[in-house]
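A closer look at the structure
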Amino acid sequence: MANPGIQIPANFEVPDIPYGLGVFTTLPYAFMIPELVFGAWVWILVAATRVYYYVSQGWVMYVSVSCFFFTLLLLMIYLFGFHRNNCGTWRLVDVIYNGISAIFYLSAAVLQANATIYCDYTIPGYSIDSILRQCTTVYYHLNAASTIFAFVTTLIYVLHSFQSYVH
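Every chain begins its residue count from 1, and numbering advances along the sequence as written. Reporting in this predicted model follows two pLDDT cut-offs: at least 70 for local features of residues, and 80 or more for side-chain atom pairs to be given and counted; totals over whole chains, interfaces and linings ignore these cut-offs and use all residues. Hydrogens and water molecules were not included; the side-chain quantities draw on all heavy atoms of the structure.

The name recorded for the chain in an unreviewed UniProt entry is MARVEL domain-containing protein, from Engystomops pustulosus. According to its UniProt record, the chain has this under Subcellular location (unreviewed entry): "Membrane". UniProt positions are given in the numbering used here, feature names are shortened, and annotations may be inferred rather than shown by experiment.

A short note on the packing of aromatic side chains
Paired rings are identified among Phe, Tyr and Trp, the last through its six-membered ring, by centres lying within 6.5 Å, and are further divided according to the angle between planes into stacked (under 30 degrees), edge-to-face (over 60) and tilted (the rest). Scanning all chains against the criterion turns up 8 aromatic pairs. Judged by centre distance (5.4 Å) and plane angle (75°), the ring pair of Trp-59 and Phe-104 falls under edge-to-face. Of this pair, Trp-59 sits in helix H3 (residues 54-80) while Phe-104 sits in helix H4 (residues 87-117), and the two are 45 residues apart along the sequence. Exposure remark for Trp-59: the relative accessible area of 27% places this residue in the partly exposed category. Overall, Phe-104 belongs to the partly exposed group, its relative accessible area being 34%. Cluster of aromatic residues (ring-pair linked, three or more members): Phe-38, Trp-41 and Phe-149. Helix and strand definitions here come from DSSP, where helices need a minimum of 4 consecutive H or I residues and strands a minimum of 2 consecutive E residues; each element is numbered from the N-terminal end. In this scheme, a residue with accessible area under 20% of its type's maximum is buried, one over 50% is exposed, and one in between is partly exposed, where area comes from a 1.4 Å probe on protein chains only.

A few points about the packing of helix H2 (residues 32-48) against H3
Between N-to-C directions, angles span 0 to 180 degrees; the directions come from axes that are lines fitted to C-alpha atoms, helices contributing only their stretch in contact. Two numbers describe how H2 lies on H3: the axes approach to 9 Å, and their chain directions differ by 150°. Classified by the angle their axes make, H2 and H3 are roughly antiparallel. Like other packed secondary-structure pairs, H2 and H3 cross with a definite hand, here left-handed. Residue-level contacts link Met-32, Ile-33, Glu-35, Leu-36, Gly-39, Ala-40, Val-42, Trp-43, Val-46 and Ala-47 of H2 to Gln-57, Val-60, Met-61, Ser-64, Val-65, Phe-68, Thr-71, Leu-72, Leu-74, Leu-75 and Tyr-78 of H3. To sort the angles, those under 35 degrees are grouped as roughly parallel, those over 145 as roughly antiparallel, those from 65 to 115 as roughly perpendicular, and the leftovers as oblique. The handedness criterion is simple: a crossing whose near helix is rotated anticlockwise from the far helix by less than a right angle is left-handed, and one whose near helix is rotated clockwise is right-handed. Contacts were defined at the residue level, with two residues in contact if any of their heavy atoms lie within 4.5 Å.

Quick look at the structure:
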């Protein structure tokens with residue numbers, strides 16, 4: 001006998017993505033404000049330091065700035081209601097975008113943690129008499145703070161993606 005599979009009831013209705021100020025009161029979309037705030041702190045703190053590891057901290061800046069602007073763009077789309085014609089597609093866009101952003105932010109957070117760890121090593125090639133520090137205490141603290149904010153932002157993107165998927 002054939003199994004009919006999972007049947008969705010006829011009266012089941014998928015809730016629409018809110019628009020306007022309702023975006024701030026609905027759970028998966030309310031994560032956008034902390035994503036913007038903590039993501040902005042990541043790139044502000046990295047930009048405030050003297051960058052010694054151009055490749056890794058360049059990736060951190062790329063991820064944080066691009067995710068900030070794409071999240072801001074997605075928030076504006078939801079606020080102004082441009083998504084109302086096809087909510088199903090925008091739900092998929094939301095899940096995929098936040099999942100990719102979470103993976104990118106995790107890689108950026110790990111690279112920023114690596115730059116923080118190696119922040120206070122001496123510059124190679126100098127003699128013992130003229131040891132120069134790569135990183136002052138202030139730069140070390142700024143790098144450590146940006147590492148913490150990067151991991152917090154990663155967690156928020158993961159929660160947003162998971163909530164959007166479940167919702």
